[in-house]
Amino acid sequence: MYLWPKTLEVTVMDPAKAMKKPVGILSVKVLRAMKLKKKDLLGASDPYVKIKLTEDKLPSKKTTVKHKNLNPEWNEEFNLVVKDPETQAVEFHVYDWEQVGKHDKMGLNIVPLKELPPEEPKVLTLDLRKTMDSNDPQNDKSRGQIVVELTYKPFEEEDMPAGFEETNTVQKAPDGTPTSGGLLAVIIHEAQDLEGKHHTNPHVRLIFRGEERKTKHMKKNRDPRWEEEFQFMLDQPPTNDKIHVEVVSTSSRNLLHAKESLGYVDISLADVVSNKRINEKYHLIDSKNGRIQIELQWRTSS
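Residues numbered from 1 in each chain as written. Predicted model: local features only at pLDDT ≥ 70, side-chain atom pairs only at ≥ 80, totals over all residues. Heavy atoms only, no water.

Under an unreviewed UniProt entry, the name given to the protein is C2 domain-containing protein, and the source organism is Jatropha curcas. Its UniProt record gives the protein a comment under Cofactor (unreviewed entry), which states: "Ca(2+)". In its Subcellular location (unreviewed entry) section, the UniProt record describing the protein reads: "Membrane". (UniProt positions renumbered as here; feature names shortened; annotations may be inferred.)

Below you can see the structure in the form of structure tokens.
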């Protein structure tokens, strides 16, 4: 079991350090949580986890919500760009999702990166705390635990990716973009664990404001990788819009079941307008284990 350090120094990074280049990737796998405390008076809680690095201005990564479950299993993976492994720590905040109103905090914990041996996966069981203050008596109360697997992968000098810094920034929209609007870019990266009843020859169809776009078809592939980008020029930010993403399998041989859905997800676009960029793995609805990684960017001329 991972023991929280008695005294935890949270270092404030100065502006010079904030400009540091990436030196590695932290792979974070959120495995599960145990014995979470019920936040709702009626029924169980709906937990999800937010993950971020200290001193990082990027939006937090989020797991999916596990409804009515105090012992949820996620097995969801995220990659975070590390700039200073000596001072940075990875933060885990567990919330109880609410359909209306503010999401309740269920607990948190952090792991300093300097405690992770490079290239070595480390599974940690973290006790959830009320606050970051290790002397806070409220932290003595049991709030459950979260189990994570962390792997810090430093870049070799020759592997330092050119322009890696730009992967977390968003390029400007092209000339001719409406001043009050922008360009919505949808990048379909990959999917995992797709499974059709009759065949698994996947492609992705996007439907946005009645317009349909499709990726290329893959044959007999449960873990396809597309890396295809689709662009929509808009007069106004799509703050109240959703985009429908569906994975479809087709077969010319199976005439009785020529087409079947392998799962879908509807993504609200408010987050991408406020954050400029989100890159997440989504669990496909109506799919047993299928997940799809989608990046959304909102590019404006300013």
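Asks: Would you explain the nonpolar core in this entry?
Replies: Among soluble globular proteins, nonpolar side chains are generally buried collectively. By size, the foremost hydrophobic cluster in this structure holds 29 residues, and its most contacted members are Leu184, Val186, Ile188, Val245, Ile292, Ile294 and Leu296. Of all the secondary-structure elements, those providing two or more residues to this core are strand E9 (182-192), strand E10 (202-208), strand E12 (225-234), strand E13 (242-250), strand E14 (259-268), helix H2 (270-275), strand E15 (277-283) and strand E16 (291-299). In this view, Val186 contacts Leu206, Glu228, Glu229, Phe230, Phe232, Ile243, Ile294, Glu295 and Leu296; residues no more than four positions away in its chain are not counted. One finds Val28, Trp74, Val111 and Tyr152 within the second-largest nonpolar core, a separate group that totals 26 residues. (Core = buried A, V, L, I, M, F, W, Y, C linked by side-chain atoms within 4.5 Å. Buried < 20%, exposed > 50% of the residue type's maximum accessible area, 1.4 Å probe, protein only. Helix = DSSP H or I, 4+ residues; strand = E, 2+ residues; numbered from the N terminus. Contact = heavy atoms within 4.5 Å.)

Asks: Help me out: how do you make sense of the packing of aromatic side chains in this one?
Replies: Here the distance between the centres and the angle between the planes together describe a pair of aromatic rings. Taken as a whole, this structure holds two aromatic pairs when the rule is applied. Taken together, a centroid distance of 5.7 Å and an interplanar angle of 15° make the contact between Tyr48 and Tyr95 stacked. With Tyr48 in strand E2 (residues 47-53) and Tyr95 in strand E5 (residues 89-96), this pair connects stretches of sequence that are 47 residues apart. Using a relative accessible area of 7% as the deciding quantity, one classes Tyr48 as buried. With centroids separated by 5.1 Å and ring planes inclined at 65°, the aromatic side chains of Phe208 and Phe232 adopt a geometry described as edge-to-face. Taken as a pair, Phe208 in strand E10 and Phe232 in strand E12 lie far apart in primary sequence, 24 residues in all. With respect to burial, Phe208 and Phe232 carry one shared label: buried. Seen from the ring of Tyr95, Lys50 lies directly overhead, with NZ or CZ sitting 5.3 Å from the centre. The aromatic ring of Phe232 is capped on one face by Arg213, whose charged end is 4.4 Å from the ring centroid. (Phe/Tyr/Trp six-rings, centres within 6.5 Å; stacked < 30°, edge-to-face > 60°. Lys NZ or Arg CZ within 6 Å of the ring centre and 35° of its normal.)

Asks: Sorry if this is basic, but what is going on with the pattern of salt bridges here?
Replies: Oppositely charged side chains may form a pair once their charged atoms are brought near each other. Across all of its chains, the model carries twelve salt bridges by this definition. For the salt bridge of Glu229 with Arg299, the shortest nitrogen-to-oxygen distance reads 3.3 Å. Taken together, the residues Glu229 in strand E12 and Arg299 in strand E16 connect sequence positions 70 residues apart. The partly exposed category is assigned to Glu229, whose relative accessible area is 38%. (Salt bridge = Lys/Arg side-chain N within 4 Å of Asp/Glu carboxyl O.)

Asks: Quick question: what am I supposed to make of the sheet that holds E9 here?
Replies: Two orientations exist for strands paired in a sheet by backbone hydrogen bonds: parallel and antiparallel. Read across the open sheet, the four strands follow the order E12-E9-E16-E15; overall the sheet is antiparallel. This sheet does not close on itself; its edge strands, each paired only once, are E12 and E15. Going across the sheet, the axis of each strand differs from the next one's by a mean of 20°, ignoring polarity. Across eight bridges, the pairing between E9 and E12 is antiparallel. Residue pairing across strands places Leu184 opposite Phe232, the latter belonging to E12. (Pairing = 2+ DSSP bridges. Axes fitted to C-alpha atoms, helices over the stretch in contact; angles between N-to-C directions.)

Asks: Just to check I follow, could you spell out the side chain of Arg299 for this structure?
Replies: Classification of Arg299 as buried rests on a relative accessible area of 4%. Polar side-chain contacts of Arg299 include one of 2.9 Å to the side chain of Gln297. (Polar contact = N/O pair within 3.5 Å; in protein donor to acceptor, adjacent residues only side chain to side chain.)

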